[in-house]
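These are the residues of each chain, in order.
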Amino acid sequence: MTLFKKILFSLVLVPASLMTMAQGNVPTAIHPPVGTASKGESVSMTIVNKHINYNGCPADYRDPYVNSPKSANIHPDGTKYYVNSLEGCATVVYDMKTHERLKVINYKFEDKKDSALWSKPSEFYPFTHYTERLNTFMGKPVESTFSHGGRYLWIPFYRRTYDLNAQDPSAVAVIDTRTDEIVRLMETGPLPKMVACSHDGRHVAITHWGNNTVGLVNVASLNPEEWFHEKLLVVDYVLPLNYSLTEPVDRDNKSGYCLRGTVFTPDDKYLLVGCMGGNGGIAVIDMTTEKYLGRVLGMMANVRHLVIRDGYLYLSVNKAGYVQRLPLDKFMKVAQSMTGKTATVGGWQNCKVGEGARTIELSPSGHFVFAACNLASRLYVVDTRTMTVADTISVDSYPVGLDISNDGRFVIVTSQGRGKQGGNAVNIYEVKYAEPEPVLENTDGAAVLELLEGGQPEGPASAENENIATAPTRDGDFPFIYWLGGGLAALVVLSLILFRRKQVGHKA
């Protein structure tokens, strides 16, 4: 984009932020140009690129596949990133260095054509409203998470397009990130949003916003065809669903506890799920027994996203616009001692950010929390050492999702929009720190990746470990060939050593 275009873009579009929408006092959508920079001291940010698709947007950054982008995920190896285009029914893949579009993964499925991709149906997700052509639909991608060290990307669909009010089972697509092709489709409960992988890579949890349930998928095998639905957990009660098949219902609000943020504790012994609806709190699931324990209260209402780092549990409070944190051991002590449906824990540290705080992520050092604030149309940075705002910068309205690269250098923010205002934008920020940041270690189910590369599971052998270690890979399992190859390699090395010694002896 030329300097003239940038100046014109700024003069024409940015002042719109001073106006107000017809809906209450929510500000009109803003579109900060590339080059917009913040002035923080300990951390600062600059918009270095964009993918946008709204009326009147600069052609240099227009991408027709950006349609209500819900979330972004940077691959653990830092080479590319994925943007879930909710209304576009697609995931767009971009190169991390050039930001060029690499691929568009479309979610248009047909019963017969895609039948081989589907896993065996479970008993957990019966259809109660629809009976024909159940696997012929388009999927609306929401969030996503990596498993097996980044080998696979899990992307649940808000709903199947024929299911007007998201009251029957939806689905999740699994992408092989080596080819960016769909390799597996699995059913889910109604209206799945958040998805998380355990640190040991053995489970993927899918949180169903639509009816107060959480599904556990066993992914301990290295073969996607052997993954299976292991458990369906209920948070207090299953929300009854019997809505119209022709008239739309507000399912973003009428969904019980509106389960959202989902995270495994570092030891994978517990799964924590944020409740945006009802009287809020965080649902606690014991992964050892695979039982729901209850909800912990005490934080602000409207919990949206959860992150655990360096002994702290962090959360975003959507409506009020806060980032809160509490020592994880303090939280778990209360959670483990629950004797009823709820328990309360105090002592939360608070930092006020912009209204509509949605996705949060921490920098590699854990010193900074980045928060996408929807109603404020801003990206906030909280210094965790003081729990105060360290920096803020404008974002295309209205941001919802974000991800940060493992080296902390880049933050990608998606702006979904509200109604017919804002949205259809992805902002790429380059971040500079006063103190160098480390490179975050890949923890996306990396324990299983070690097995893919020929490692062995740590700790004493168990039936479960043995099952993982001996599971066949795509290339098959031929131990005799491996032994023979290893023996030949050893003979070659030994011959080279003897030959080298002979040469050295002659030179001496």
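To be clear, the structure that these remarks concern was listed above.
In this report, we go over the structure that sits alongside the text. (Residues numbered from 1 in each chain as written. Predicted model: local features only at pLDDT ≥ 70, side-chain atom pairs only at ≥ 80, totals over all residues. Heavy atoms only, no water.)

### Digging into the sheet that holds strand S28 (residues 388–394)
- With respect to topology, four strands assemble into an open sheet ordered S25-S26-S27-S28, the strand pairing being antiparallel. The open sheet has two edge strands, strand S25 (357–362) and S28, and neither has a second partner. The mean inter-strand angle of the sheet, taken between neighbouring strand axes irrespective of direction, is 20°.
- The pairing of strand S27 (residues 378–383) with S28 spans six bridges and is classified as antiparallel. Bridge pairing in S28 links tyrosine 380 to threonine 392. (Pairing = 2+ DSSP bridges. Helix = DSSP H or I, 4+ residues; strand = E, 2+ residues; numbered from the N terminus. Axes fitted to C-alpha atoms, helices over the stretch in contact; angles between N-to-C directions.)

### Some details on the pairing of strand S13 (residues 203–208)
- In terms of residue burial, S13 counts as a mostly covered element, since six of its six residues are buried.
- The side-chain alternation of S13 yields two buried faces, one formed by His203, Ala205 and Thr207 and the other by Val204, Ile206 and His208.
- The pairing of strand S12 (residues 192–197) with S13 spans four bridges and is antiparallel. Among the inter-strand pairings, cysteine 197 is bridged to a residue of S13, identified as valine 204.
- In sequence, S12 turns back onto S13 through a hairpin of five residues, with glycine 201 there showing a positive phi of about 75°.
- Bridge count between S13 and strand S14 (residues 213–218): six bridges; the pairing is antiparallel. (Buried < 20%, exposed > 50% of the residue type's maximum accessible area, 1.4 Å probe, protein only.)

### Some details on the packing of aromatic side chains
- Enumeration according to the criterion identifies 17 aromatic pairs in this entry.
- Between the aromatic rings of tyrosine 312 and tyrosine 314, the centroid separation amounts to 6.2 Å while the plane-to-plane angle is 50°, which identifies the pairing as tilted.
- Here the aromatic cluster, defined as three or more aromatic residues joined through ring pairs, consists of Tyr107, Phe109, Trp118, Tyr130, Phe137, Phe157 and Tyr162.
- Residue placement shows arginine 325 over the ring face of tyrosine 312; its charged tip is 3.8 Å from the ring centre.
- Positioned over the ring face of tyrosine 322 is lysine 352, at 5.6 Å from the centre of the ring. (Phe/Tyr/Trp six-rings, centres within 6.5 Å; stacked < 30°, edge-to-face > 60°. Lys NZ or Arg CZ within 6 Å of the ring centre and 35° of its normal.)

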